[in-house]
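# Structure at a glance
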Protein chains: 2
Amino acid sequence: MRKRLSDTVEDYLKMIYKLSADTERVGTGQIAEALEVSPASVTDMFQRLANENPPLLDYIKHQGVKLTNEGRKIALEILRHHRLLELFLHEVLGYSWDQVHAEADRLEHVISEKFEERVAVVLGDPQRGLHGEPIPNRNLEMPDHPTSYLHDMRPEQRGVIHSVSDDDPGFLRFLKTQGLVPGAEFSVVDFSPYDNNLRLQVNGQDQEIVLGASVTAQLKVEIKNAS
Amino acid sequence: MRKRLSDTVEDYLKMIYKLSADTERVGTGQIAEALEVSPASVTDMFQRLANENPPLLDYIKHQGVKLTNEGRKIALEILRHHRLLELFLHEVLGYSWDQVHAEADRLEHVISEKFEERVAVVLGDPQRGLHGEPIPNRNLEMPDHPTSYLHDMRPEQRGVIHSVSDDDPGFLRFLKTQGLVPGAEFSVVDFSPYDNNLRLQVNGQDQEIVLGASVTAQLKVEIKNAS
DNA sequence: ACAATAATTTAGATTAGTCTAAAATATAAT
DNA sequence: ATTATATTTTAGACTAATCTAAATTATTGT
Ligand SMILES: [Mn+2]
Ligand SMILES: [Mn+2]
Ligand SMILES: [Mn+2]
Ligand SMILES: [Mn+2]
C-alpha cells in the first residue's frame, strides 16, 4: 500500500512525466507555466517531493527534476486512469471526444484500483485511448509508440495520425471536422518555410487542408516508409 | 453556478442532513463523533458555514445547527450522487453491494452534473438506491419514504425491509446471508424486553432469526397494516 | 570578462482544515 | 441553589498548497 498522495502531487508528477518526453530534466518554469502556478510554488513542491521517502523526484538546484522510478510509477498510474476513464466516459456514458478530458482529469485521482480494473475489463483491455494515446498496461509499462510530430514532416512523406492533444474541446472539434482523428492517413503535399504551414491531403477528405504550426505541433504521427 | 465547495464541506452538510432525520438541531458532538474529528474542529466548521454567503447553516451557540435551504440543496445533491453511483457501480461495473459505498463516498464529490445525468439515464432514473434508500430526484426533492425502524416493531406486526445502513461491508454481507434485503417481507414473532432482541420470520427463509438492537436499529421498515 | 537579463530560490504571509489544552457554558445531581 | 460533570467554544499551533517580493544564481551579449 503506497501512501495516499494529494491530487496536487499527482498532477505535478503527471505533468513532469509528460514534459520529460522532450527533455531529460524538467525545469521550474516549465511546470509553473503548465500547471498555472507561480515558480516559487514549483520550487517548493520539487523540494518536498525530492525529500519524500522514498523520493519521487531527483532534484538538482537550478537544473530541474527527473522522475525517480517511484515517481514514474505514480505518473503512469494516473495516466492509465485518465486514459481508461476517457474511453469509458465515451463508450459507456456517451460523452463526445471533446468532453471527456475535463471529467477524467478530476476522476483520475479518486478511483480505486478496483474501479480501474473493472473499467479496463468492460472496455476489453484497450491499448490506446480515445485520442490515440498509448495506455500503460496493468504493470504500468508504457507500450511502444511513435514520437514524431506532424510538425516535422515534409512534402512527399505519408503518415498516419497517431494521437492528438486532448485538453482543448474547441481544438478537438476542429480536428474532427478536418478528419484529423487517430488512424487517419494523409500525405504532405506542401511546406511553407516561413510560417511552417503544412498542406495535407487526408485520405477520404476531398479538400486539401493547410495547417499552422500551432496545430501540427499537437499531432503525433506514425511516418510511413516510402514503398 | 454555485461556488465550488470542498469535499470536507460537502461531507459535513451530508452528515448534518442525515442526522437531521432524528433531531431538529444537530449538535457539535454528534458530528464530531460521526465524522471522527474533534469537537473543536466541528465548532470551527459550523461557524464558517454559518458565515458563508449565502449561509449554509443556521448555527446557535451551544445548541447546534440546522441546514438552510442552500445547505440542504447541497446535501441532497451529494446524496443523489452517492446513491446513483452505488447503483451504477453495482449494475455497470459489477461491484457487490458491500463494496460500493466506499468508492461512492469519494466519487460523489468529483462527478459533474453531466456525469450524474448520464448515469441516471443509463440506470433508468431509479428512485431507490442499492440499499433501498430513496434517491432525490433531478430537482433535489426527496421522495416520500418510511421513517420507522425495525427496532421499534413488536410481535404480530408484519413489515417489509425498506433500506439498510450501508457503510459497513461486513454488516451488509451478514444481512444478505439472513435475507434481510430491501423488499424482504417478515413478521415479528417475539420480543425480549431486557436486550431488545427481536425474533423474526423472514419470508422465504426456513429458520427464524434473532436480531439484537445494534442490528434492528440499522434497518428501516415499512410497517404493513394488519389486514 | 563583465554587465545585463532571465530563471530560480528563499523569505514571509495566507487559507482551509485539523489538532490539543484551556476557558466558558449548559446540564444534572444532590 | 450550589456543586459537579459533560459539552461546547476559544486560543494557539500545525501542515499542505499557494502567493508576492526580494535575494540569489545562471545565461547571454558585447
Ligand atoms: Mn485527457
Ligand atoms: Mn490504478
Ligand atoms: Mn452509501
Ligand atoms: Mn449533481
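Up top is the structure.
Residues numbered from 1 in each chain as written. Chains lettered and ligands numbered in written order. Predicted model: local features only at pLDDT ≥ 70, side-chain atom pairs only at ≥ 80, totals over all residues. Heavy atoms only, no water.

## Let's talk about the protein's contact with DNA strand D
Put simply, the test is: Whether a residue is near a molecule or strand is decided by its heavy atoms; if any one of them lies within 4 Å of it, the residue is near. Polar contacts here mean pairs of N or O atoms no more than 3.5 Å apart (in protein, one a potential hydrogen donor and the other a potential acceptor; neighbouring residues in sequence count only if both atoms are side-chain atoms). Numbering of helices and strands starts at the N terminus; helices are DSSP runs of H or I of at least 4 residues and strands are runs of E of at least 2. All residues other than Ala, Val, Leu, Ile, Met, Phe, Trp, Tyr, Cys, Pro, Asp, Glu, Lys and Arg, Gly among them, are scored as polar; the first ten of these are nonpolar and the last four charged.
DNA strand D sits among 21 residues. The nearest are Ser-6, Ser-41 and Arg-48 of chain A together with Gln-47 and Tyr-59 of chain B. Taking Ser-6 of chain A, its side chain carries an N or O atom lying 2.3 Å from a phosphate oxygen of DNA strand D. Interatomic distance of 2.9 Å between a backbone N/O atom of Gly-29 of chain B and a phosphate oxygen of DNA strand D. Counting only elements with at least two residues in the surface near DNA strand D, the list comes to α1 (7-19) and α3 (39-50) of chain A together with α2 (28-35) and α3 (39-50) of chain B. Looking at the surface near DNA strand D element by element, the count peaks at five residues for α3 of chain A. Residues that form the surface near DNA strand D fall into these classes: eight nonpolar, 10 polar and three charged.

## Section: the relation of the copies chain B and chain A
Heads up, the condition is: Alignment of copies: least-squares fit on C-alpha atoms of residues with pLDDT of at least 70 in both copies. Contacts are assigned to residue pairs that have any heavy atoms within 4.5 Å of one another.
With an axial shift of 0.0 Å and an RMSD of 0.0 Å, the rotation relating chain B to chain A amounts to 180°. Overall, the copies show the geometry of a two-fold rotation axis. Interface overlap between copies: 100% of the residues of chain B at the interface are likewise at the interface in chain A, consistent with a symmetric, same-surface contact.

## Considerations on the coordination of the manganese ion (ligand 1)
All names here are of chain A. Quick note on the threshold: Water is not part of the atom set, so a site may look incomplete; the donors themselves are N, O and S atoms within 2.8 Å of the metal, or 3.2 Å for Na, K and Ca. Only protein chains enter the calculation, and the probe is 1.4 Å; a residue is then buried if its accessible area is under 20% of its type maximum, exposed if over 50%, and partly exposed in between.
His-82 (NE2), Glu-86 (OE), His-101 (ND1) and Asp-166 (OD) make up the full set of protein donors to the manganese ion (ligand 1), lying at 1.8 to 2.1 Å. Site description for the manganese ion (ligand 1): donor spacing in sequence, H-x3-E-x14-H-x64-D. Of this pair, His-82 sits in helix α4 (residues 69-91) while His-101 sits in helix α5 (residues 100-107), and the two are 19 residues apart along the sequence. Given a relative accessible area of 3%, His-82 falls into the buried group.

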